[in-house]
Amino acid sequence: VPLSPSSAAKNQLLNFSPSQPPSIFDYYIISELIGEGSYARVYKGRSRNRHQSVAIKRFEKSKIKSPAALERIRSELSLLSSLRHPNIIEFIELFETRAHIFLIMELAEGGDLQSQVFKTKGLSEAQYLPILSQILSGLLYLEEKKILHRDLKLDNILLSKNKVKIADFGVSVGGIEKKTVLYECIGTPMYLAPEMVSGNGYKGFKSDIWALGVMSYIAVFFCEPFDSSDVKNLAEKIVSDPIRLPKNAQPSPKFLKALMGMLEKDPEKRMGPREVAQTLGFEEVRC
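Residues numbered from 1 in each chain as written. Predicted model: local features only at pLDDT ≥ 70, side-chain atom pairs only at ≥ 80, totals over all residues. Heavy atoms only, no water.

(A) Spotlight on the overall build of the protein chain. Along the protein chain, the regular secondary structure elements total eight helices and nine strands. Principal-axis analysis of the C-alpha atoms places the extent of the protein chain at approximately 60 × 40 × 35 Å. Taking as baseline every contact in the protein chain between residues at least 6 positions apart, the subset at least 24 positions apart corresponds to 64%. Approximately 14200 Å² of the protein chain is accessible, and the part contributed by carbon and sulfur atoms is 49%. Computing the positive centroid from 39 side-chain charges and the negative centroid from 33, the protein chain places the two 2 Å apart. (Helix = DSSP H or I, 4+ residues; strand = E, 2+ residues; numbered from the N terminus. Contact = heavy atoms within 4.5 Å. Areas by Shrake-Rupley, 256 points an atom, 1.4 Å probe, with all protein chains shown as cover. Lys, Arg positive; Asp, Glu negative; His and termini not counted. Charge placed at Lys NZ, Arg CZ, Asp CG, Glu CD.)

(B) Main features of the confidence of the model for the protein chain. Averaged over all residues, the pLDDT of the protein chain equals 90, while 91% of them reach at least 70. The model gives residues 1-18 a pLDDT under 50, and that stretch makes 40 contacts with residues more than four places away or in other chains. (pLDDT = per-residue confidence, 0-100.)

(C) Layout of the nonpolar core. The biggest cluster of nonpolar side chains holds 75 residues, and the ones touching the most others in it are L113, Y128, I135, L212 and M215. Beyond its immediate stretch of four places on either side in the chain, I135 contacts I157, V164, I166, L212 and M215. One finds V54, I92, F102 and I104 within the second-largest nonpolar core, a separate group that totals eight residues. (Core = buried A, V, L, I, M, F, W, Y, C linked by side-chain atoms within 4.5 Å. Buried < 20%, exposed > 50% of the residue type's maximum accessible area, 1.4 Å probe, protein only.)

(D) Representation of helix α7 (residues 253-262). Looking only at α7, the buried set comprises F255, A258, L259, G261 and M262. Viewed along the axis of α7, the buried residues span an arc of 160°, placing them on a single side of the element. For α7, exposure combined with an orientation more than 90 degrees from the buried face picks out P253 and K257. (Arc of directions from axis to C-beta.)

(E) The sheet that holds strand β3 (residues 53-60), seen in detail. On the basis of which strands lie adjacent, the open sheet formed by five strands has the order β1-β2-β3-β5-β4 and antiparallel pairing. Two strands lie at the open edges of the sheet, namely β1 (28-36) and β4 (91-96), each paired on one side alone. Mean inter-strand twist for the sheet, computed between neighbouring axes without regard to direction, equals 25°. (Pairing = 2+ DSSP bridges. Axes fitted to C-alpha atoms, helices over the stretch in contact; angles between N-to-C directions.)

(F) Spotlight on the pattern of salt bridges. Enumeration according to the criterion identifies 13 salt bridges in this entry. The shortest N-O distance in the salt bridge between E109 and K44 comes to 3.8 Å. Here E109 is found in the loop between β5 (100-106) and α2 (113-120), whereas its partner K44 is found in strand β2 (residues 40-47), with 65 residues between them in sequence. Owing to a relative accessible area of 24%, K44 belongs among the partly exposed residues under this scheme. Between K203 and E268 there is a salt bridge; the shortest N-O distance is 3.6 Å. Taken together, the residues span a long stretch of sequence, with K203 in strand β9 (residues 202-203) and E268 in the loop between α7 and α8 (273-279) at a distance of 65 residues. Several salt bridges converge on common partners, so that one network encompasses R72, R150 and E184. (Salt bridge = Lys/Arg side-chain N within 4 Å of Asp/Glu carboxyl O.)

(G) Up close: the layout of surface pockets. Here the largest pocket is characterised by a volume of approximately 1100 Å³. Among the elements of the structure, β1, β2, β3, α1 (67-81) and β5 are those that each provide at least two residues to the lining of the largest pocket. Grouping the amino acids of the lining of the largest pocket by side-chain chemistry returns 16 nonpolar, six polar and 13 charged. When its volume is computed, the second largest pocket comes out at roughly 370 Å³. For the second largest pocket, the lining is made up of 19 residues, of which K178, K203, G204, F205 and K206 are closest to its centre. Counting residues per element, the ones that place at least two in the lining of the second largest pocket are α3 (125-144), β9 and α5 (206-221). Here the lining of the second largest pocket is composed, by residue class, of nine nonpolar, three polar and seven charged. (1 Å grid on protein atoms, 1.4 Å probe; cavity = no way out; pocket = protein on both sides within 12 Å on 5 of 7 lines; lining within 4 Å. Points joined across faces, edges and corners; volume = space filled by probe spheres on them. Nonpolar A, V, L, I, M, F, W, Y, C, P; charged D, E, K, R; others polar.)

Right, dumping it as structure tokens:
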């Protein structure tokens, strides 16, 4: 049988032994490439037995040269295998060979939110708010599980029928308490919170809320809140520049209040997911 999340092999990632189970190709048909990153490619696939469509994330061991990169893969596997929520992408099982690691995950047939936003050149509030509500539900769940995502962005929000799925836990970290202080500045530069780029440490879960604010700004206004091709200059703008709305933007009062609450530079004053939901008049957001 293939390796499962509870298997002892989960703790022996990349340590191949001759007694490995049958090949992934005995269980899945792999088709087209749908995504690519530094260490992995994501393919669409189908289960041979159940005819279920899946996403298959293939890591190439030859590209994983540093202990830090290996630890990130182990962390992603461990976190994904512990999560069960309708707004979190589901991890199904793991295969390992001498050359590759294969993560089998739920397939979001609707693609990612970034593609949708760029296709329509932005979403209306009416289109975006149901998406935001589901993301908030997923974030509340992650907070309950003590997990900080650290790379929330449009292309890590996947669409599956009427469901929104938070994906890609490659730089996420678990065991986070509200007072846990972290110093590693990691993620996508445009979405990094002021306290992350300042280098003075960040704590709790408020950096994910900032990233959600940036995502919301881009999704509805179809432009970035801070514009610079230079990473250092971008960081300075994130820390120092006020949030300005684009010309001709006419957000509703409640959306504007929620947006500014998410993009509050002081993390102590920044809204949490429940406050954002209450401001927008959502029914109680459940984790």
